[in-house]
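Close look at the chain arrangement
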Amino acid sequence: MDTGAASGKSVLVRRVAVPLLSLTVGVVLADSAIVTLALPEILRHLGGSVAQVAWVLIAFNLVLALIVVPAAWACTRLNPGPMCAAGIAVFAGASAACALAGSMEALIAARCVQALGGAFALVGCLELLVAATDEKRGVARWTTAGVLGTAIGPVAGGLLTEAISWQSIFVVQVPIAVLAVPAALAIPRNSVPAMDKHRPAIAPNVALMLLSAALTAALFLLVLLLVEGWGRSLATAALTVSVVPVAAFFATPLARRVRAGPRSESAAGCLLIAGGLVGLAIPPSAHLAWTIAPQALIGLGLGLTVDSLTFEALRDRLPRAMHGGWTIGARHAGVVLGLALLTPVFTADLVDAQVPAQEAITGLVLDAPLRMQDKIDLAKGLSDQLQSERGRVPDLHPAFAALEVAPEQRQAAQTLERNLDEQLERAATRAFRDSFLIGAALALAALVPLIPFGLLRKRVKK
């Protein structure tokens, strides 16, 4: 084959392989949060509690955080192409297993295997994207794909669950991964593996970990509040939380216009995320409009921080895959930290909110303009609903659907149902408040490693 033909083939491979590998990075990192909107449906289909279903998220992020650095070490010493292809293949097989899972335990186990394959896929894709393009463009593609995947994950998962089923979330990932396997094998390695010459960048990685913990409140708790607390449909919740990825998308061109510098962008992003989480903690009502501005702040903060901190952690550090592994490990360790901190807080707050909510419901029922026997029947039905869904925000509609009232009292019954639903919405909002505020505190804590203590010490000495 002549040089021109070989060059043309190489260009064709890159044009096909680079987008596929970038998409794979986005898909793998989307998996850290893609099941968020599907969790209520998974809970209903497979059973269990809110704390148990949280392990569908925790398991993936925990295994990824633990495995990604050893996977990066292996990729620096062996050919990353075959290892990346093998990781993508394992990820595809595990995704199919997730779709076929018939129990919570089987789903969690398949998620662990997904993360194992995803770890090798992520660090391998970093090396291959750089080999197919160059240092700057390869790292930029890898980072941007990861940010967009993380932000878009909950939206895509919610829309797929609403349109088809929660299993479809995993089914659609299989063909993408299968196509990416030959793409990983098609890109030749163009450099000799480098020994680890540089230590991990501690400050940006610690900041990434704390920010990821904070973002868990936005990407996980907000979804539960919308669906379980405020009773919105999955499609409505998915469209609502799409504000975050849209705002994240516009963060990069905004940063280019301002040109404040990486550290300033990261600091501003931390403040935006903290402000957005405070806004979610204190909405005046359960109207979706009150979540838009806080989400926009969080999305802008996400776009400003993750990109700049990841570039800072990778810049001029070799081997590339090793330092990419440290950033991924830090981010997903942060997700696990966030889930570990926030899940027990909001589940305990939900339980604590039940007693005052029940008292308020009892008062509203007693004051309702209904016949005494209807009140007794309704109170019994509401009590059964509250007891059957202990630890979760109950759906009171079945109690009203079973109630037979006279035609002239139907309007009063409907008004009472609306009032009770509003009472539950207020109780759920209060129950999530502390968790959002903890998330805001974590975002502010991410500012600490960004403080240039070395420069401060020099100025003090002067």
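Just so you know, the residues in each chain are numbered from 1, in the order the chain's sequence is written. Local features in a predicted model are, by the rule used here, given only for residues with pLDDT of at least 70; side-chain atom pairs are given and counted only at 80 or more, and totals for whole chains, interfaces and linings are based on all residues. Only hydrogens and water are set aside when side-chain values are computed; all heavy atoms of the structure are taken into account.

Some words on the overall build of the protein
Counting secondary structure elements, the protein contains 18 helices and 0 strands. With a 1.4 Å probe rolled over the protein chains alone, any residue whose accessible area is under 20% of its type maximum counts as buried; one over 50% counts as exposed, and the rest are partly exposed. Counting across all 462 residues of the protein, residues that qualify as buried make up 54%. Only heavy atoms enter the contact rule, under which two residues are in contact if any of them lie within 4.5 Å. Long-range contacts, defined as pairs at least 24 residues apart, comprise 85% of the intrachain contacts of the protein with a sequence gap of at least 6. Summed over its atoms, the accessible surface of the protein is roughly 19900 Å², and 66% of this surface lies on carbon and sulfur atoms. By definition, any uninterrupted DSSP run of H or I lasting at least four residues is a helix, any uninterrupted run of E lasting at least two residues is a strand, and each is numbered from the N terminus. Per-residue and other accessible areas follow the Shrake-Rupley method at a 1.4 Å probe size, with only the shown protein chains counted as cover for residues.

Concerning the packing of helix α11 (residues 243-258) against helix α13 (residues 289-314)
With their axes 7 Å apart at the nearest point, α11 and α13 run at an angle of 50° to one another. Looking at the two axes, α11 sits oblique to α13. Two packed elements cross with a definite hand, and for α11 against α13 that hand is right-handed. Residues V243, V244, A247, A248, A251, T252, L254 and A255 of α11 lie in contact with α13, whose contacting residues are I292, Q295, A296, G299, L300, L302, G303, L304 and D307. Note on residue categories: nonpolar means Ala, Val, Leu, Ile, Met, Phe, Trp, Tyr, Cys or Pro, charged means Asp, Glu, Lys or Arg, and polar means any other residue, Gly included. For the contact of α11 with α13, the per-class residue count stands at 12 nonpolar, 4 polar and 1 charged. Between N-to-C directions, angles cover 0 to 180 degrees, with each direction set by a line fitted to C-alpha atoms, over the stretch in contact for helices. Between 65 and 115 degrees an angle is taken as roughly perpendicular, under 35 as roughly parallel, over 145 as roughly antiparallel, and anywhere else as oblique. Helix crossings are classified by the rotation of the near helix relative to the far one: an anticlockwise turn of less than a right angle makes the crossing left-handed, while a clockwise turn makes it right-handed.

Some remarks on the pattern of salt bridges
Any carboxyl oxygen of Asp or Glu within 4 Å of a side-chain nitrogen of Lys or Arg constitutes a salt bridge here. As enumerated under the stated definition, the model contains 5 salt bridges in all. Salt-bridge contacts for R137 lead to D134; the nearest nitrogen and oxygen are separated by 2.9 Å. The partly exposed category is assigned to D134, whose relative accessible area is 29%. Between D434 and R433 there is a salt bridge, with its nearest N and O atoms 3.8 Å apart. By relative accessible area, D434 is classed as partly exposed at 33%. Exposure remark for R433: the relative accessible area of 36% places this residue in the partly exposed category. Because the salt bridges share partners, they merge into one network encompassing E127, E135 and R320.

Quick notes on the environment of G93
By secondary structure assignment, the location of G93 is in helix α4 (residues 80-100). Among the residues examined, G93 registers a relative accessible area of 43% and is labelled partly exposed. Residues G93 and V113 lie 20 residues apart in sequence; the distance between their C-alpha atoms is 8.8 Å.

Considering the nonpolar core
Among buried residues, those of type Ala, Val, Leu, Ile, Met, Phe, Trp, Tyr and Cys that are joined through side-chain atoms within 4.5 Å constitute a nonpolar core. Residues I42, L107, F220, L277 and F436 are the most contacted members of the largest nonpolar core, which totals 78 residues. The dominant element in this core, judged by the number of residues it contributes, is helix α9 (residues 202-229), at 18 residues. Once residues lying within four places of it in the same chain are set aside, the contact partners of I42 are G47, V53, M104, L107 and W166. In terms of nonpolar packing, the next biggest core, distinct from the first, is built from 47 residues, V69, A72, A74 and A183 among them.

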